[in-house]
Amino acid sequence: MYQLDNVCFSYKRPILENISLAIQKNKFYSIIGPNGAGKTTLLRLLAGLLKPKSGNIFLEKKPISFYSKKQFATKVSLVSKEYIHFDYTVYEIVSMGRYPYKKRFNFSNQDYIKIEQAIKICGLGHLKNENILSLSSGEHQRVLIARCLAQDTPILLLDEAFSNLDLKYILSIIDALMSLNKTIISAFHDIKLARLADYTIFLKNTQIFKIIDKQEILSSRFFEQFYDIDASNLSNIGLNSILI
Ligand SMILES: Nc1ncnc2c1ncn2[C@@H]1O[C@H](COP(=O)(O)OP(=O)(O)OP(=O)(O)O)[C@@H](O)[C@H]1O
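Predicted model only: the values in this text are computed from it and were never measured.

**A word on the pattern of salt bridges**
Enumeration over the complete set of coordinates arrives at 7 salt bridges. Close ionic contact of Lys81 with Asp159 constitutes a salt bridge, the shortest N to O distance being 4.0 Å. On the criterion of sequence distance, the pair formed by Lys81 in the loop between strand E6 (76-79) and helix H3 (90-95) and Asp159 in strand E7 (residues 155-159) is long-range, its members being 78 residues apart. The class for Asp159 is buried, based on a relative accessible area of 4%. The partner of Asp152 in a salt bridge is Lys182, with the nearest N and O atoms 2.8 Å apart. Here Asp152 is found in the loop between helix H5 (137-151) and E7, whereas its partner Lys182 is found in the loop between helix H6 (167-178) and strand E8 (183-187), with 30 residues between them in sequence. Relative accessible area serves as the criterion here: at 26%, Asp152 is assigned to the partly exposed category. With a relative accessible area of 10%, Lys182 lands in the buried category.

Given below as structure tokens:
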């Protein structure tokens, strides 16, 4: 699906160096790593919002620059950490997910169906006509996920998309996403959520530290090494369960 060959990206300092990665179709990948490790940067590179300083990113064997913006938007959608400050209703924001498919000025029946499905999955039915500016942070985040679901792309990029959701919506939305047979690449800080993925990509010090599949047991020693923490202290303060 995606192929990254020796991708490097820097701001003032190198953020990602020589990242090579093959993303398989219809698999769920989580990305975890310490603050500043480059998770958002990697997702923005995959979304075509940033360009590698060197190296290449291919989507379905073509460089991502090959696709027009509209074509790309029918293949890849991103739930970013953005906060919408504009005066739109929930329904209007979710509808924006259908813009890449819009013929002239009108939505098709299919567009309306996708919008309604996305609203339902994200539990937004009762908030459809509310102004986005009046929502709580968790409701706001559900609107961004719904817009991405309405876009109905084979690839979903999620940047801490569940960070403000309560447990009910985390479970129901992740469950719905996993049943859709899409390729999902999601940055997480919550290790327990990251472990739902087929593969977990660990980013650290500008590199892919390790890629682990679901079958592998993630021992606390591994996390100690990865996050530079002393896991023995966690049990003293009742936090050892965060690694399990
Ligand atoms: N626009 C920018 N200009 C300069 N540096 C930036 C910019 N955006 C991000 N950075 C830097 O790039 C590094 C990687 O940022 P990124 O947001 O990708 O990390 P992250 O792994 O998603 O972090 P977090 O877990 O804190 O969300 C950080 O050190 C950050 O300061």
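**Structural notes on the confidence of the model for the chain**
A low pLDDT means the predicted coordinates there should not be read in detail. On average, the chain scores 91 in pLDDT, and the residues at 70 or more come to 93%. Here helix H9 (residues 231-236) stands out as the element of the chain with the lowest mean pLDDT, 67, in contrast to helix H1 (residues 39-46), whose mean of 98 is the highest.

**Some thoughts on the site of the ligand**
Neighbouring the ligand are 13 residues; Arg13, Lys39, Thr41, Lys81 and His189 lie closest to it. Interatomic distance of 2.5 Å between a side-chain N/O atom of Arg13 and an oxygen atom of the ligand. With respect to the ligand, the backbone of Ala37 contributes an N or O atom lying 3.1 Å from an oxygen atom. Protein burial of the ligand: of its 640 Å² of free accessible surface, 61% is covered by the chains. No other element matches the 3 residues that H1 contributes to the shell around the ligand. Considered class by class, the residues forming the shell around the ligand number 4 nonpolar, 6 polar and 3 charged.

**Considering the nonpolar core**
Val94, Ile145 and Phe162 are the most contacted members of the largest nonpolar core, which has 44 residues in total. Every element with two or more residues in this core is listed here: strand E3 (28-32), H3, helix H4 (109-121), H5, E7, H6, helix H7 (191-194) and helix H8 (220-227). By residue number, the principal contributor to this core is H5, which donates 7 residues. Setting aside anything within four residues of it in sequence, one finds Phe162 in contact with Gln141, Ile145, Ile170, Ile173, Ile174, Leu177, Ser186 and Phe188. Judged by nonpolar contacts, the second largest core, of 30 residues, contains Leu16, Ile31, Ala37 and Leu203.

**Section: the sheet that holds strand E1 (residues 2-10)**
Read from one edge of the open sheet, 4 strands run E2-E1-E4-E5, paired in antiparallel fashion. With partners counted over all chains shown, the strands left at the sheet margins are strand E2 (14-23) and strand E5 (62-63), one partner each. Taken together, the 2 bridges between strand E4 (residues 54-59) and E5 define a ladder with antiparallel strand orientation. In the strand pairing of E5, Phe58 is matched with Pro63.

Parameters at a glance
- Residues numbered from 1 in each chain as written.
- Predicted model: local features only at pLDDT ≥ 70, side-chain atom pairs only at ≥ 80, totals over all residues.
- Heavy atoms only, no water.
- Salt bridge = Lys/Arg side-chain N within 4 Å of Asp/Glu carboxyl O.
- Helix = DSSP H or I, 4+ residues; strand = E, 2+ residues; numbered from the N terminus.
- Buried < 20%, exposed > 50% of the residue type's maximum accessible area, 1.4 Å probe, protein only.
- pLDDT = per-residue confidence, 0-100.
- Near = heavy atom within 4 Å.
- Polar contact = N/O pair within 3.5 Å; in protein donor to acceptor, adjacent residues only side chain to side chain.
- Areas by Shrake-Rupley, 256 points an atom, 1.4 Å probe, with all protein chains shown as cover.
- Nonpolar A, V, L, I, M, F, W, Y, C, P; charged D, E, K, R; others polar.
- Core = buried A, V, L, I, M, F, W, Y, C linked by side-chain atoms within 4.5 Å.
- Contact = heavy atoms within 4.5 Å.
- Pairing = 2+ DSSP bridges.

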